[in-house]
Amino acid sequence: MKKKLLGALLSVAMVATLLTGCGGGEQAETTAPAADNAEAPAENAEAPAEGEAAAAPAEANGKKVGVAMPTQSSERWINDGANMKAQLEALGYEVDLQYAEDDVQAQVSQIENMIASGANCLVIASIDSSALVNVEAQAKEAGIPIIAYDRLLMDTDAVSYYATFDNKGVGTAIGKYIEEKKDLANTTETYTIEFFMGSPDDNNAHMLYDGLMEVLQPYLDKGTLVCKSGRTSFDDTCILRWSQETAQQNCENYLTGFYADEDLDICATAFDGFAYGCKAALEGAGYTADNWPLVTGQDAELMATKNIISGSQTMSIYKDTRLLAEKCVKMVQAVLEGEEPEINDTEQYNNNVIVVPSYLCTPVAVDKDNYKEIIVDGGYYTEEQLAE
Ligand code: BGC
């Protein structure tokens, strides 16, 4: 009953989101996880008790939360923003949700405006986290607490908490998936592999790389894995702003430059967008189901999950953005109400100034064998959406 009530509230909030959009300009319609599954996080969320739900809960007291998101060019951030807005509004907070479309300066201005217009708390998923140091200092000066969302805010002491997924764990999960599927520990075969890593200004990308290489480096050293381009370091494989186009270009270059006589067996990519880029490059180079490589990704976007079903992507990392939003909302409540939010890591996330107390959600590898159980049964996408 309580769940239903919050679900209804969140749905209303979602509709409001879709109707009014946000100050950041046109807001794309979100895919299902946010709207259809708004009930899911209610289990653990501070749901209003029955009977109080109709009125905005008093605790929020009209407080304003500024939510700065990086881009709408990838589905996950649209879902993150929608989930955050819906969950915060359900608790009675006023929400200013802004997307900066991967423009670093635009994000700085959006955050400045949030401060100027009286935000009581800021939630920031950064584009280039080091570029926000000054505006974060302004927020601190004004007594406005900051929560880092998904991406660590670097080089600042103005951040109170960090809600994210276990970013090194994402890399390890991708590495382990490749290790298992290719039976790297036992095989006498060799497999060719190329790497497509994330943006150098995103701490997550470095952690993912570290986790991935912890698993795969021994196989590169042994020669079980062969990277014919020779590009295995983070610096050689990172892709600025997680650009799908650059991933496609890199893949095209590798295929023409190094794989004219031998197939590429593994595209180790850090992002579903990169998997789409590789898919286009592979198709262009004439790859078919018979020699299609193992292609990894991250986020389990709707399109990626469809590609997993149809076979052009092998796996992705499912990150339940509903859960992340729920943990982040708890942090917002805590800093505004003087409570202690749930934290499960106080060691890993040193931003060069402080170690930021963090809550790490668990990433899960999904492929055609478990997507039904994890994604469909978990209420993230419906079978109908996946069949469209
Ligand atoms: C996030 C990933 C996402 C990537 C590109 C990273 O910071 O953790 O989930 O795939 O950004 O948007």
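Structural notes, computed from the coordinates. What you are looking at is a predicted structure, and each value in this text was computed from that prediction instead of being measured.

1. Description of the sheet that holds strand β8 (residues 266-269)
Backbone-to-backbone hydrogen bonds join strands into a sheet, with any given pair of strands oriented parallel or antiparallel.
Here's step 1: Read across the sheet, four strands follow the order β7-β6-β8-β9 without closing on themselves; strand pairing throughout is parallel. A strand with exactly one partner marks an edge of an open sheet, and here the two such strands are β7 (225-226) and β9 (294-295).
Here's step 2: Pairing of β8 with β9 involves two bridges; the strand directions are parallel. Paired with I266 across the bridge in β9 is L294.
Here's step 3: Sheet strands in contact with helix α7 (residues 203-222) are β6 (191-196) and β7, and its direction is about 145° off that of β6.
Here's step 4: Each of β6, β8 and β9 is contacted by helix α10 (residues 272-284), which is oriented at about 155° to β8, the strand it contacts most.

2. Some points on the pairing of β6
Here's step 1: For β6, a buried count of six out of six residues is recorded, marking the element as mostly surrounded by other parts of the structure.
Here's step 2: By the alternation rule, side chains of β6 split into Y191, I193 and F195 and T192, E194 and F196, which are all buried.
Here's step 3: Where β6 and β7 come together, two bridges link them in parallel fashion. Bridge pairing in β7 places Y191 opposite L225.
Here's step 4: In terms of handedness, the path from β6 via α7 over to β7 forms a crossover that is right-handed.
Here's step 5: Pairing of β6 with β8, which is carried by four bridges, proceeds in the parallel orientation. Bridge assignment links F196 to a residue of β8, and that residue is T269.

What counts, and where the lines are drawn
Residues numbered from 1 in each chain as written. Predicted model: local features only at pLDDT ≥ 70, side-chain atom pairs only at ≥ 80, totals over all residues. Heavy atoms only, no water. Pairing = 2+ DSSP bridges. Helix = DSSP H or I, 4+ residues; strand = E, 2+ residues; numbered from the N terminus. Contact = heavy atoms within 4.5 Å. Axes fitted to C-alpha atoms, helices over the stretch in contact; angles between N-to-C directions. Buried < 20%, exposed > 50% of the residue type's maximum accessible area, 1.4 Å probe, protein only. Right-handed = clockwise from strand over helix to strand, strands pointing away.

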